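# Residue-level structure breakdown
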Amino acid sequence: MNPTLRQMRALVALAKTGNFTLAAQYMHVTQSALSGLIKELEQTLGVRVVDRSTRRIALTETGNELYPLFSQMIDDLDRALANIADQAQLRKGIVRVAVPQLMACTLLPQVIAAWRTRYPDIRISLSDSPVEAVTTRVLSGETDFGIGPERDGAPQLEARELMEMPFEAVLPPDHALAKRRRLGWSDLAAHPLITLRGQFTERLLANMTTGAADAKAGGADTLRDLTLRPAHEVTYMTTALAMVASGLGVTVCMPYAAPLVRLHGLRMLPLDAPVLTRRFFVYTREQRSLSPAAAAFIAFLFDWVGAADNPAGALRPRA
């Protein structure tokens, strides 16, 4: 005993209009087709739902009982289908993204502002996180995806490379090195270095060792005895920048941090000998489909990062 959706719509249309002609027009079918749907419904239920006469039609007791139930079910279904259509057509929705705290206050606001000019009715929920918490929030389902630097692999995550950027030095404008156009890593060795805790510093020092070995193999002597020992390790780059502004040392960060560096009145200088880069990825849960809004935002993000006139600038490593 399973009435079809068309049979339920036929009963509701008949109850609302009071006759077969108007009900058929309401459903955009012929009168005979509507009559057939009502007969099918009665056969399915095993009871009459409409009393017919040459002058009028009236719902039976069963029909009157079913009408409000069918009407509510159809209204709920239509609202749900309309909502799904709006999401599929990017007319509404929400995108939940986790990013490191520094990226949340520099790069992502620019992306979100550009997105809103195209999709003003899709809300972006931005979760500014410690770097190590980005993938955790993706795995837990708290966010649809995350953006962050390369991390040790997790079998439940898929990673797509978004961009690769070079490290740059950050120092006060009156620093002894501030008048230089470029710096080598060896230039930083004599100054207190402020870095981030965890994998940021571990990977940086590992890359430094690799870069030094490559340089030595190539005949360069500048990195032979290079060692960088962090004087301070903090959780957030915003803290590191504030400490640099207070004259407590120098730090290194990504070019996308330039707006915040300028806000602190600091200088950014390219670092080479060697050029060390950091890759950033979009992390999603493995074998989990994204909502249309989340998938569209990721595609928009890749296009925005790859645009030649990208307002953030320097999103690719220098040649």
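In what follows, the structure referred to is the one given above.
Residues numbered from 1 in each chain as written. Predicted model: local features only at pLDDT ≥ 70, side-chain atom pairs only at ≥ 80, totals over all residues. Heavy atoms only, no water.

### Some points on the overall build of the protein
Across its full length, the protein holds 12 helices and 13 strands. Taken over 319 residues, the protein has a buried fraction of 43%. Once local pairs closer than 6 in sequence are excluded, the contacts in the protein between residues at least 24 apart make up 73%. If you sum the accessible surface of the protein, you get close to 16,700 Å²; carbon and sulfur atoms cover 50% of it. (Helix = DSSP H or I, 4+ residues; strand = E, 2+ residues; numbered from the N terminus. Buried < 20%, exposed > 50% of the residue type's maximum accessible area, 1.4 Å probe, protein only. Contact = heavy atoms within 4.5 Å. Areas by Shrake-Rupley, 256 points an atom, 1.4 Å probe, with all protein chains shown as cover.)

### Quick look at the sheet that holds strand β4 (residues 122–129)
The sheet built from five strands is open, its strands ordered β4-β3-β5-β13-β6 with mixed pairing. Bordering the open sheet on either side are β4 and β6 (157–166), each of which pairs with just one other strand. Averaged over all neighbouring strand pairs, the angle between strand axes comes to 20°, with direction disregarded. Strand direction decides the pairing type here: strand β3 (residues 93–100) and β4, joined by eight bridges, are parallel. In the sheet register, Arg96 faces β4, and the bridge partner there is Ser125. (Pairing = 2+ DSSP bridges. Axes fitted to C-alpha atoms, helices over the stretch in contact; angles between N-to-C directions.)

### What about the pairing of strand β9 (residues 193–196)?
Of the two faces of β9, the one carrying Leu193 and Thr195 and the one carrying Ile194 and Leu196 are both buried. Looking at chain direction, β9 and strand β10 (residues 230–234) are connected through four bridges and run parallel. Its bridge partner being in β10, Ile194 is matched across the sheet by His232. Across two bridges, β9 lies against strand β11 (residues 250–253) in parallel orientation.

### Some points on the sheet that holds strand β7 (residues 168–171)
In space, the six strands of this open sheet follow the order β8-β12-β7-β11-β9-β10, with mixed pairing throughout. Edge positions in the sheet fall to β8 (183–184) and β10, since each has one partner strand and no second. Sitting on the sheet, helix α10 (residues 237–245) is in contact with β7, β9, β10 and β11, with an inclination near 145° to β11.

### Concerning the packing of helix α6 (residues 107–118) against helix α12 (residues 292–306)
Where α6 contacts α12, the axes come no closer than 11 Å and their chain directions differ by 115°. You can see that α6 and α12 cross each other, and the crossing is right-handed. Taken together, the residues of α12 that come into contact with α6 (itself represented by Leu107, Leu108, Gln110, Val111, Ile112, Ala114, Trp115 and Arg118) are Ala293, Ala296, Phe297, Phe300, Leu301 and Trp304. (Left-handed = near helix turned anticlockwise from the far one by under 90°.)

### Remarks on the packing of aromatic side chains
Between two aromatic rings, the relevant description is the distance of the centres plus the angle of the planes. The tally for this structure, following the rule as stated, stands at seven aromatic pairs. On the basis of an interplanar angle of 35° and a centroid distance of 6.1 Å, the ring pair of Phe145 and Phe297 is categorised as tilted. You can see Phe145 sitting in strand β5 (residues 145–149) and its partner Phe297 sitting in helix α12, a full 152 residues away along the chain. What makes Phe297 buried here is its relative accessible area of 0%. (Phe/Tyr/Trp six-rings, centres within 6.5 Å; stacked < 30°, edge-to-face > 60°.)

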